[in-house]
Amino acid sequence: MATLDQCRAALDRLAQNLSSADGSVRSAAALDRSLSCRITDLDVTFLGRLAGGTIQGVTSVPGPPPSKAEIRLTMAGDDLVALVDGRLNFAKAWGSGRVKLEAGLRDLLRLRTLL
């Protein structure tokens, strides 16, 4: 089971990857939306903002998110680490229910490039 520190490091790597991306990935990351990532096995939620092509202001709170973010991810810690490391295919994980993504339809269409 991934630790809280490993999950935080994975989110930091994801933010770094987004900031160095170009082309369609960069334009998809240019959204300005609130973001939550709930890690079910650790009972913690990371909160931040997808803005300026990266994830900014990441904090963590125990339990479920205190408010509804515009983009919401839910998964186990091991799945977050595997996704960021490229060992888990997002589409397969989403299709099987291992990863849940909730957002507006327009955002979902843009985010598919990132994930």
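It should be emphasised that the depicted structure is a prediction, and the values quoted were computed from it without experimental measurement. (Residues numbered from 1 in each chain as written. Predicted model: local features only at pLDDT ≥ 70, side-chain atom pairs only at ≥ 80, totals over all residues. Heavy atoms only, no water.)

Where do I start with the pairing of strand S4 (residues 71-75) in this structure?
Side-chain direction in a regular strand flips from residue to residue, so the side chains alternate between the two faces of the sheet. The buried fraction of S4 amounts to 4 of the 5 residues, a majority that puts the element mostly inside the structure. Pairing geometry for strand S1 (residues 33-39) and S4, over 5 bridges, is parallel. Counted as the bridge partner of Ser36 is Arg72 from S4. By the bridge criterion, 3 bridges tie S4 to strand S5 (residues 100-102) in an arrangement that is antiparallel. Each bridged residue has a counterpart across the sheet, and for Thr74 the counterpart in S5 is Lys100. (Buried < 20%, exposed > 50% of the residue type's maximum accessible area, 1.4 Å probe, protein only. Helix = DSSP H or I, 4+ residues; strand = E, 2+ residues; numbered from the N terminus. Pairing = 2+ DSSP bridges.)

Please explain helix H3 (residues 77-85) as it appears in this structure.
Owing to its 3.6 residues per turn, the α-helix brings residues three or four apart onto one side. Gly77, Asp79, Leu80, Val81, Ala82 and Val84 are the residues of H3 that are buried. Immediately downstream of H3, the backbone of Gly86 shows phi near 85°, a positive value.

Quick question: what am I supposed to make of the nonpolar core here?
Note on soluble globular proteins: their nonpolar side chains tend to be buried together. In terms of nonpolar packing, the biggest core is built from 29 residues, with Ile39, Phe46, Ile71 and Leu80 touching the most fellow members. Those elements that provide at least two residues to this core are helix H1 (4-19), S1, strand S2 (44-51), strand S3 (54-62), S4, H3 and helix H4 (90-96). In terms of residue count, the dominant contributor to this core is H1 (5 residues). Beyond its immediate stretch of four places on either side in the chain, Leu80 contacts Cys7, Ala10, Leu11, Cys37, Ile39 and Met75. (Core = buried A, V, L, I, M, F, W, Y, C linked by side-chain atoms within 4.5 Å. Contact = heavy atoms within 4.5 Å.)

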